[in-house]
Amino acid sequence: MKAVLPVSVVIAAIVVLWYGAAVWMNAAWVRDQAARAGETPAFAQIVPQTLNQERPVLPTPHQVVSELWKGVAGQAVTSKRSLVYHGWITLSATLLGFVIGTGAGILLAIGIVHNRAMDLSVMPWAIASQTIPILAIAPMIIVVLNSVGVTGIVPKAIISAYLSFFPVVVGMVKGLRAPDAMQLDLLRTYGASQRQTFAKLRMPASVPYLFASLKVGVAAALVGAIVGELPTGAVAGLGARLLSGSYYGQTVQIWAALFAAALLAASLVALIGLAERLTLRRMGMGR
Amino acid sequence: MKDTARPAEPAIKARSLGLTFQTADGPVHALRDVTLTIGRGDFVSFIGPSGCGKTTFLRSVAALEHPTEGSLTVNGMAPDAARLARAFGYVFQAAGLYPWRTIAGNIRLPLEIMGFPRAEQDERVARVLGLVELGGFGTKFPWQLSGGMQQRASIARALAFDADILLMDEPFGALDEIVRDRLNEELLNLWSRTGKTICFVTHSIPEAVYLSTRIVVMSPRPGRITDVIDSPLPRERPLDIRDTPEFLAISQRVREGLRAGHSYDV
């Protein structure tokens, strides 16, 4: 509970700075309007007009919160204006992509650790894959998959998987290699097979590394799903809300969608953190 | 359970054993011309400075290293075959218990790998926990135990599958002297109750003299045996035997063996 005060102070400071920035950035429009009407408003007259603009340069916190609230609670969840609806579209692609990416990442890591040829050949490609800007490759994936008849959630999930497999590969390779020479020697004196060494030693030893990777991976998967929604022409999903917001200059809508995405990512990471604590406690490695 | 009709050959027999590592700086002779016979039920200590090949010899017995010259048999078999016949248990300097397994779970590990039936696993775990005086600690996790208790658990793990040779590589090297004294006493006790053959690598002259029926003194560059001392001390050894003239005489001879091998030259 000691942390409550400092955390509140930091949040309050961010909100104050945000309001300050909103007033400063949105004032230009107010002065512009006033100049056209031949007036020169005083600062005290400008401030109230910067706080609730329809298309502000920077929306104020209360505008974002109320738009978020309207999007979440003010609509039927099936409505195209509901953030729950769009959030679910993005979330479902994220989760599917995360599962594919995690599975692929774990399998690749197992191969890399057990096979020298894979160790030398796969890792450079995995690293190269992450150096390509996702914004450049996402439309290609969508177009290619569309042309072979794969549409809907799968292309987006593939982009999610493309981003989320990498941290899992890196983390799991490190985790599966975590046992030291002495622990491996010990199993050799028992005549353990490679399969037994994997099941009894490498896999359990890699669990803490896996969870660290999953936290990074799930956030990357969400980014992948949102990016995957951009080139499809803004039909549905948080990415679509971002894009349509920018088409029509709806800055409040953009910020609400951004915050919805951030909250979603934070919840996913928190859920994995919870799973991590429960698993490690069950394994006797809990703090 | 136990094979009563044991073959008559010695537990470990090495003849002109040599092991050369090829490194970038040329060959390193980790062992040269090591000839040694260890009888059943012996407690043999290997003492010498770092690089004298004592650990390499132990690892060769366990088939973790493969000698390049000479011959080595364990219970009359090649080391690889002896491993499959569960001839030896190995205790490392670090306890190396798995943090995700309880103490009982750790001791069960070799039994699971070797495919013992579940009921027999339970019975064996309970028995060896008693042997190392850790009865009642089976459900604890390693971090809940002191360093000395963890090392006792690792000895129990090596005893669990009834190997009749125990290979111990500086098992108490990381423990403080008081705990080490206690564990030395317990180890002698365990040895006299179980009749195992024990090979024990150490840096400590008093430890070697106190524990062993035979002391093998080794020297580095190349790793070789400079002296083998058969201890005249009785098998029953209270801790204060270390103040007797016999004990000091053996210690003196070990020191001379080390000096003869230039082990004190820096």
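Residues numbered from 1 in each chain as written. Chains lettered and ligands numbered in written order. Predicted model: local features only at pLDDT ≥ 70, side-chain atom pairs only at ≥ 80, totals over all residues. Heavy atoms only, no water.

Draft legend 1. Fine view of the pairing of strand β6 (residues 165-169) of chain B. Residues and elements named next belong to chain B. When you tally the buried positions in β6, you get 5 out of 5 residues, the bulk of the element. Both faces of β6 are covered, namely the face carrying I165, L167 and D169 and the face carrying L166 and M168. Relative to strand β7 (residues 197-202), β6 is paired through 5 bridges, and the arrangement is parallel. Bridge pairing in β7 links I165 to T197. Running through helix α6 (residues 177-194), the crossover from β6 to the neighbouring parallel element β7 is right-handed. (Buried < 20%, exposed > 50% of the residue type's maximum accessible area, 1.4 Å probe, protein only. Helix = DSSP H or I, 4+ residues; strand = E, 2+ residues; numbered from the N terminus. Pairing = 2+ DSSP bridges. Right-handed = clockwise from strand over helix to strand, strands pointing away.)

Draft legend 2. Focus on the sheet that holds strand β9 (residues 224-230) of chain B. All names here are of chain B. Spatially, 6 strands are ordered β5-β6-β7-β3-β8-β9 in an open sheet, and the strand pairing comes out mixed. With partners counted over all chains shown, the strands left at the sheet margins are β5 (88-91) and β9, one partner each. In this sheet, neighbouring strand axes are inclined to one another by 15 degrees on average, regardless of whether the strands run parallel or antiparallel. (Axes fitted to C-alpha atoms, helices over the stretch in contact; angles between N-to-C directions.)

Draft legend 3. Spatial organisation of the packing of aromatic side chains. Per the counting criterion, the structure on display carries 12 aromatic pairs over all chains. Between Y190 of chain A and F161 of chain B, the ring centres sit 5.8 Å apart and the planes meet at 80 degrees, which makes this aromatic pair edge-to-face. Of the two residues, Y190 of chain A is situated in the loop between α8 (181-189) and α9 (194-229) and F161 of chain B in the loop between α5 (147-159) and β6; the pairing between them involves two chains. The class for F161 of chain B is buried, based on a relative accessible area of 4%. Geometrically, the ring pair formed by F43 of chain B and W191 of chain B is edge-to-face, given 5.6 Å between the ring centres and 80 degrees between the ring planes. A residue pair is termed long-range when its members are at least 10 positions apart, and F43 of chain B in strand β3 (residues 43-47) and W191 of chain B in helix α6 qualify at 148 residues. W191 of chain B shares its class with F43 of chain B; the two are buried. Members of the aromatic cluster, connected to one another through ring pairs, are F43, F172, W191 and F200 of chain B. Directly above the aromatic system of Y210 of chain B lies the positively charged group of R242 of chain B, at a separation of 5.7 Å from the ring centroid. (Phe/Tyr/Trp six-rings, centres within 6.5 Å; stacked < 30°, edge-to-face > 60°. Lys NZ or Arg CZ within 6 Å of the ring centre and 35° of its normal.)

Draft legend 4. Up close: the nonpolar core. One finds I12, F46, F57, L167, L187, I215 and V254 of chain B to be the most contacted residues of the largest nonpolar core, which totals 132 residues. Per element, the largest residue contribution to this core is 11 residues, and it comes from α9 of chain A. Every residue in contact with F57 of chain B, bar those within four places of it in the chain, is listed here: I12, A14, L17, L31, V34, L36 and F46 of chain B. Grouped together as the second largest cluster of nonpolar side chains are 11 residues, I134, I137, I142 and L145 of chain A included. (Core = buried A, V, L, I, M, F, W, Y, C linked by side-chain atoms within 4.5 Å. Contact = heavy atoms within 4.5 Å.)

Draft legend 5. Focus on the interface of chain B and chain A. Each partner contributes to the interface: chain B provides 22 residues, whereas chain A provides 18 residues. The contact between chain B and chain A buries some 2000 Å² in all, and 66% of this surface belongs to carbon and sulfur atoms. Seen at the junction of chain B and chain A, the total is 2 salt bridges. Between E112 of chain B and K200 of chain A there is a salt bridge, with the nearest N and O atoms lying 2.8 Å from each other. Viewed at the interface, chain A and chain B are joined by 6 residue pairs in polar contact (both at pLDDT 80 or more). (Buried area = accessible area lost by both parts, 1.4 Å probe. Salt bridge = Lys/Arg side-chain N within 4 Å of Asp/Glu carboxyl O. Polar contact = N/O pair within 3.5 Å; in protein donor to acceptor, adjacent residues only side chain to side chain.)

Draft legend 6. Looking closely at the domain arrangement of chain B. Residue and element names in this part refer to chain B. Taken domain by domain, chain B consists of domain 1 (2-87 + 163-265) and domain 2 (94-162). Relative to domain 2, the C-alpha centre of domain 1 lies at a distance of 24 Å. Across the boundary between the two partners, domain 1 contributes 17 residues, which contact 14 residues of domain 2. Buried area between domain 1 and domain 2, summed over both chains or domains, comes out near 1400 Å², and the portion from carbon and sulfur atoms is 64%. Per-residue buried area on domain 1 facing domain 2 is highest for R86, A163 and L190; these three make up 35% of the total on that side. Note that R182 and E133 form a salt bridge whose closest N and O atoms lie 3.6 Å from each other. Counting residues per element, the ones that place at least two in the side of domain 1 that touches domain 2 are β6 and α6. With 7 residues, the top contributor of residues to the side of domain 1 that touches domain 2 is α6. (Domains from an automatic or database assignment.)

Draft legend 7. View of the side chain of D185 of chain A. When you line up the elements, D185 of chain A lands in helix α8. Apart from the residues within four sequence positions on either side, D185 of chain A is in contact with R59, L64 and F92 of chain B.

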